[in-house]
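The primary structure of each chain is shown beneath.
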Amino acid sequence: MAATDYHRPASTMEDGAAPATPRYDIRFPPSNPELDQDGEFCEVLLDGQWQRVRFHDYGRLYEHPGLYEQVFYERLECSSHRRVSSMLADVLRERGQASAYLRVLEVGAGNGVVAQELRQLGIPRITGVDIIPEARDAAQRDRPGVYDEYFVCDLTNLDAAEQAALQALRPNALVTVAALGYGDIPPAAFEAAFNLVAPGAWIAFNAKLTFLSARDESGFASLLRKMIAADIIEIEAYRVYCHRRSMRGDRLYYAALVARKRADIPGGGIPDLRNQGGVLPLSKP
Ligand SMILES: C[S@@+](CC[C@H](N)C(=O)[O-])C[C@H]1O[C@@H](n2cnc3c(N)ncnc32)[C@H](O)[C@@H]1O
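Residues numbered from 1 in each chain as written. Predicted model: local features only at pLDDT ≥ 70, side-chain atom pairs only at ≥ 80, totals over all residues.

What follows covers the overall build of the protein. What the protein contains, in helices and strands, is eight helices and ten strands. Relative to its full complement of 285 residues, the protein shows a buried share of 40%. Sequence separation of at least 24 residues holds for 67% of the intrachain contacts in the protein that already meet a minimum separation of 6. (Helix = DSSP H or I, 4+ residues; strand = E, 2+ residues; numbered from the N terminus. Buried ≥ 20, exposed ≤ 12 C-beta atoms within 10 Å, placed from the backbone. Contact = placed C-beta atoms within 7 Å.)

As structure tokens, then:
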């Protein structure tokens, strides 16, 4: 397959890194235009019974090896793991930087799909962070060794030991994929993660387009706009792309961004130097 085929299912990865996993019977409910992305669900035949699993109930999905991959990467054609990692690789290449020097902090790491991509770029050191233990357990079960260490913690409420352990890793890259907003990683947790990596660090992430628009209510557009205006972050690359299909088959558009950290976010907050709406001149899908 071509290197640009971002929608290639995980089960056909030619690296063969994914262990053999069970196949599930999955059915989608009749299309319901009222249902928001956050409410989407499918039904899975588990222990002989059709059980409803909400797409955002990650603990439930991770409990069953391969179920998350089958739902998101195969049925819904999610491409973000490849899109964000390949954009990071592209920017590194452009800047003449070797991936071999990166120590990645991956936040909202889940079961390691993204880390598997990052390893293929030659990144030697990856630390996972997620708020639920099921994510760590699934990563260790399904992709043993893909993380050097994995923290289950709330970045907005780190205890002293967690803070010290994460800082001691001296991460110089922050990656977060498909995890910002929607009741997942809030702006405050992103800020905390951002301040754990050193100035000069690479930041690679994606977000739903609406979270970066002038009408955004999640807080991410405002945070990023202020970070850019205050020279805390510099955007190196961004790309609008189809993150995945919705349950109804519609394309869900996200933006992937690769940026460079220039400074910590100050404790007292970032002054709003330019209150002018959206972050980037994002085009409408
Ligand atoms: C859609 S999954 C994405 C997982 C992985 N990044 C991927 O692309 O396959 C979102 C992940 O974010 C995690 N998450 C949600 N809120 C979080 C928080 N406040 N801090 C850290 N992780 C969080 C969830 O537990 C889940 O594993």
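Interaxial distance between helix α3 (residues 80-94) and helix α4 (residues 113-120) falls to 9 Å at its minimum, and their mutual angle equals 35°. Seen from above, α3 lies across α4 with right-handed handedness. Counting all contacts with α3, which are made through His81, Arg82 and Ser85, the residues of α4 involved are Val113, Val114, Glu117 and Leu118. Each residue belonging to the contact of α3 with α4 can be placed in one class, and the counts come to three nonpolar, two polar and two charged. (Axes fitted to C-alpha atoms, helices over the stretch in contact; angles between N-to-C directions. Left-handed = near helix turned anticlockwise from the far one by under 90°. Nonpolar A, V, L, I, M, F, W, Y, C, P; charged D, E, K, R; others polar.)

Here the focus is the sheet that holds strand β10 (residues 251-261). The pairing of strands in a sheet happens through backbone hydrogen bonds and is either parallel or antiparallel. Pairing is mixed across the open sheet formed by seven strands, whose spatial order is β6-β5-β4-β7-β8-β10-β9. The open sheet has two edge strands, β6 (149-152) and β9 (233-245), and neither has a second partner. Strand-to-strand twist of the sheet, defined as the mean angle between neighbouring strand axes without regard to direction, takes the value 20°. Here strand β7 (residues 173-176) pairs with strand β8 (residues 202-208) via four bridges, running parallel. Counted as the bridge partner of alanine 173 is tryptophan 202 from β8. (Pairing = 2+ DSSP bridges.)

Direction of pairing for strand β2 (residues 41-46) relative to strand β3 (residues 49-54): antiparallel, over a ladder of six bridges. Counted as the bridge partner of cysteine 42 is valine 53 from β3. Following β2, the chain reverses through two residues before pairing antiparallel with β3; aspartate 47 in that reversal takes a positive phi of roughly 50°.

Below, the discussion takes up the confidence of the model for the protein. A low pLDDT means the predicted coordinates there should not be read in detail. Predicted confidence across the protein gives a mean pLDDT of 89, with 89% of residues reaching 70 or more. Below pLDDT 50 for its whole length, residues 10-17 participates in ten contacts with residues either more than four positions away or in separate chains. (pLDDT = per-residue confidence, 0-100.)

Let us now look at unusual backbone geometry. A positive phi angle is found at aspartate 47, which is not glycine, with a value near 50°. If you trace the backbone, aspartate 47 turns up in the loop between β2 and β3. Look at aspartate 47 and you get exposed, because 5 C-beta atoms sit within 10 Å. Within the chain, tyrosine 182 stands out as a residue other than glycine whose phi angle is a positive 55°. Tracing the backbone through its elements, the reader meets tyrosine 182 in the loop between β7 and α7 (187-194).

Moving on to the site of the ligand. Gly108, Gly110, Ile131, Ala179 and Asp184 are the nearest of the 21 residues found near the ligand. Of all elements in the fold, only α3, α4 and β5 (125-130) reach the threshold of two or more residues within the shell around the ligand. In the shell around the ligand, the residues fall into 15 nonpolar, four polar and two charged. (Near = placed C-beta within 6 Å.)

Let us look at the sheet that holds strand β1 (residues 26-27). Across the sheet, which stays open at both edges, the three strands sit in the order β1-β2-β3 with antiparallel pairing between neighbours. Either end of the sheet is taken by a strand with one partner, and the two such strands are β1 and β3.

Here we come to the environment of alanine 237. Relative to the helices and strands, alanine 237 resides in strand β9. Residues alanine 237 and leucine 257, spaced 20 residues apart in sequence, show a C-alpha to C-alpha distance of 5.6 Å. Alanine 237 has contacts with Met87, Val91 and Val258, leaving out every residue within four places of it along the chain.

Bringing the pairing of β10 into the picture now. When β8 meets β10, the two strands line up antiparallel, connected through seven bridges. Note on β10: the bridge partner recorded for alanine 204 is valine 258. As paired strands, β9 and β10 are joined by eleven bridges and run antiparallel to one another. Bridge pairing in β10 places glutamate 234 opposite arginine 260.

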